[in-house]
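Okay, here's what each chain looks like letter by letter:
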Amino acid sequence: MTTMTSARTSSAATGRGPRLTGLNWLVWRQHRAAFWTLVGGTVLAAGWMVHQRTGMMDTLHALGWPHPKSGGWETSVGSTLTLTGYGLGFLPILIGVFVGAPLMAGDLENGTAKLVTSQSVSRIRWIATKLGVTVLVVLVGTVVLSQLFGWWWSPVKDTSVIGWSERAVFDNTGPVPTALTLFTLVGGVAIGMVLRRTLLSMVVTFGFAVAVQLVWSYFRLQLGNPLSLTTRSDVLTSSAPAVPGNGTLLDESFTTASGKLYGWGTCVGESTEKAQQACLHQKGIVGWHVEYLPFSQMSSMQWFGASVLLALTVAVIAFIFVWGRKPVI
Amino acid sequence: MTTFLGTGPTAGHGRPRGGAPAAIEAYGVGKKYRRGWALKDCSFRLPAGRICGLVGPNGAGKTTLMGMAADLLAPTTGSVRVFGTAPGSPEAQRRTAFLAQEKPLYRRFTVAETLRLGRELNPGWDQRAAENIVRAGNVPFEARIGTLSGGQRTRVAFAVAFGKRPDLLILDEPMSDLDPLVRHELMGALMAEAAAHGTTVLMSTHMLAELENVCDHLVVIADGGLRLAGGVDELRSAHVRLTGTFQATGPAGADAALARHTVVDSRADGYRITALVRPAGPVDGVWQAETPTLEELLLAYLRSPQVPPLITNESQVGDRNLAKAVAA
């Protein structure tokens, strides 16, 4: 479908959709393969998720939704959600490497930056249009996918099918996928502008995108305010209290009356139970201490993390414009 | 015996400074790259309406100078003005077209789309002028740029530059990959365009034929510095090629006779001396005097870096403006 429009002469531009003019036309024409891939990928993924949710709801209704009997379906639904979420998790990396990095680097490497900037348009307007159109396409795509994934997951969000704080869910719902993707995208654009070589920029952007994912994974659970539960019970005969609701367990430990915490492996080295008791008693351990993140914090954690990422994105965009202001050959 | 040379002491007295508005003014322009200075302290003025050849050895700073006028590079020192404004200003951008040496175009665009690029991005676009240039080479509009030959691609790049209808056309070695026939045709189109619209052209070239037939103005740079700037006729008539024999003067006599003049280049064999001289008045001695060809002039100045440069009056920028620009 892309070759069809390209064969037309300019004066008879009868492309689908609104007729683009000026820089918008140039940017869309130059990157239309990438943009159509993004659009097509979004449509495919959206179709897949709608299909999966429909199937899941059929199963659930047959089992007495909204309180379905358990029995086998959790595993298959959970694994499909996890796999899809896992796949969607690659999008920031893919978009950063294949859309972000070549966006400016290609023009700088091929010299077409000279062609465009020696027309009657300013460099800044050109860069702004390239970035603007790309960000818009990526923004719309990620918002659609995020909404659909959330819609698919929401019927089972209170069950144990898949934890809300797992990467597959947390990174693919709400504002997170958009923020992660936009940050990686503009990072790739900036890397491409500085390095001015397409392939090199793609490699470096890949490293950058993976680093973003690693750092994000590290900080994901630190975005919330952990709550704690304390019991007064014999730690040898009772197990740790269950986390209320659908909360995410962060840490289990022993506590003393004064609140001093010991790891739950404390005193297990003693040979007899009596010796263990004596050991625990001697340390003053009186019960369990559990730290967890309640499900109710999910949304605020997502927005907090996303706003940090969006602030970084804005900073990178500012850098791109400062860098792009100076003449480049 | 004294041979009176018909020329005045130096060139350019007939024309008042600033008579024609300037297309390009360079004030103490320098550009430093990591490997050193590509251009140093370059000051000149290109009057509007000229077809100016920019000549110099490879690596002399020609592309750098053109890049600065086209706002692709910022000078390290000094400043460049295009029609009195900064090269990056909207007015200068609208009035200047630049054709880079490698003729960059989008390889996956068709020829028609490439012309559309020009039309979409330039308010004064002349589609007919652009299409005519493409048609003259029988380049199919539906062909993708990547499938064209080098010469065809150059033609399309020319069409984009012409279609903009610029007041200043900057061409970096425009003809290097064209066959003689196409070169002749495109040069003809260039001259017709320039004549019809008063376009100023600044083109770098290595081809003397192009210079002799097309250019009426010359800027020569070597080793990052200006060597010559001015109208071709004026520059030529400011010099004289002298041929004398030692029988008439003797070696010492020849040196003495030429001492008060600027000898740009001289070579002697056993009994004869040939010198290209910028005379400071009548030359003593018996000489056969001729006005040098453009080629002789060029070669002499490129060979002799120690000879002070010659910038004709109309090619000089005002000292006051220069001081202001350097201070700023």
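Bear in mind the structure is a predicted one, so any value in this text is a computation, not a measurement.

What is the right way to look at the interface of chain A and chain B in this model?
Accessible area lost upon the coming together of the parts is a frequently used measure of interface size. Contacts between the two partners involve 26 residues from chain A and, on the opposite side, 30 residues from chain B. Residue assignment for the side of chain A that touches chain B shows that the elements contributing at least two residues are α2 (22-30) and α6 (112-117) of chain A. Ranked by residues supplied to the side of chain A that touches chain B, first place goes to α2 of chain A with 6 residues. Here the side of chain A that touches chain B is built from residues that sort into 9 nonpolar, 14 polar and 3 charged.

Mind showing me how you'd approach the UniProt feature "transmembrane region" (unreviewed entry) in chain A here?
Following the UniProt record, one finds the feature "transmembrane region" (unreviewed entry) at residues 33-51, 83-106, 127-154, 174-192, 199-219 and 303-323 of chain A. As annotated, residues 303-323 of chain A comprises 100% helix and 0% strand, and the C-alpha atoms at either end are separated by 30 Å.

What is the right way to read the nonpolar core from this model?
Side chains of a nonpolar character, in soluble globular proteins, are inclined to be buried together. Counting residues in each nonpolar core, the largest one holds 157 residues, and the members touching the most others are A69, I170 and L202 of chain B. Formed by 9 residues, the second largest nonpolar core is a distinct cluster that contains V235, C267, L280 and I285 of chain A.

Any chance you could explain helix α4 (residues 73-88) of chain A here in plain terms?
Residue and element names in this part refer to chain A. For α4, with 16 residues, the first-to-last C-alpha span of 22 Å sits near the 22 Å given by 1.5 Å per residue. Among the residues of α4, V77, L81, T84, G85 and L88 are the ones counted as buried. End-on view of α4: buried residues confined to an arc of 100°, all on one side of the axis. Of the residues in α4, the exposed ones pointing more than 90 degrees away from the buried face are T75, S79 and L83. Taken together, the buried residues of α4 touch α3 (32-62), α5 (91-110), α7 (123-153), α8 (167-170) and α9 (176-195).

Whenever I open this one, the confidence of the model for chain B confuses me. Can you help?
As a general rule, the predicted coordinates of low-pLDDT regions are not to be interpreted in detail. All names here are of chain B. The predicted model of chain B averages 85 in pLDDT, with 89% of residues at 70 or higher. Mean pLDDT in chain B bottoms out at strand β1 (residues 2-3), which sits at 40, and peaks at helix α3 (residues 111-121), which reaches 96. Per-residue pLDDT stays below 50 along residues 1-18; that stretch engages in 35 contacts with residues further than four places along the chain or on separate chains. Across the assembled chains, the prediction reports ipTM 0.84 with pTM 0.86.

Quick notes on the rules
- Per chain, residues are indexed from 1 in the order of the written sequence.
- Labels are handed out in written order, letters beginning with A for the chains and numbers beginning with 1 for the ligands.
- Local features are withheld for residues below a pLDDT of 70 in this predicted model, meaning they are given only at 70 or higher, and side-chain atom pairs are given and counted only at 80 or more; totals for whole chains, interfaces and linings count all residues.
- Throughout, a pair of residues is in contact if the C-beta atoms placed from their backbones lie within 7 Å.
- Numbering goes from the N terminus for both helices and strands, where a helix is a DSSP run of H or I of at least four residues and a strand is a run of E of at least two.
- Each residue is assigned to one of three groups, with Ala, Val, Leu, Ile, Met, Phe, Trp, Tyr, Cys and Pro labelled nonpolar, Asp, Glu, Lys and Arg labelled charged, and all others, Gly among them, labelled polar.
- UniProt positions are given in the numbering used here, feature names are shortened, and annotations may be inferred rather than shown by experiment.
- Structurally, a nonpolar core is described as a collection of buried Ala, Val, Leu, Ile, Met, Phe, Trp, Tyr and Cys residues joined by way of C-beta atoms within 7 Å.
- With C-beta atoms placed from the backbone, a residue is buried if 20 or more other C-beta atoms are within 10 Å of its own, exposed if 12 or fewer are, and partly exposed between those counts.
- Here the expected length of a helix is defined as 1.5 Å per residue gap, with one fewer gap than residues.
- Taking the helix axis as origin, the arc is that swept by the directions to the C-beta atoms.
- What pLDDT conveys is the predictor's confidence in a given residue, as a value from 0 to 100.

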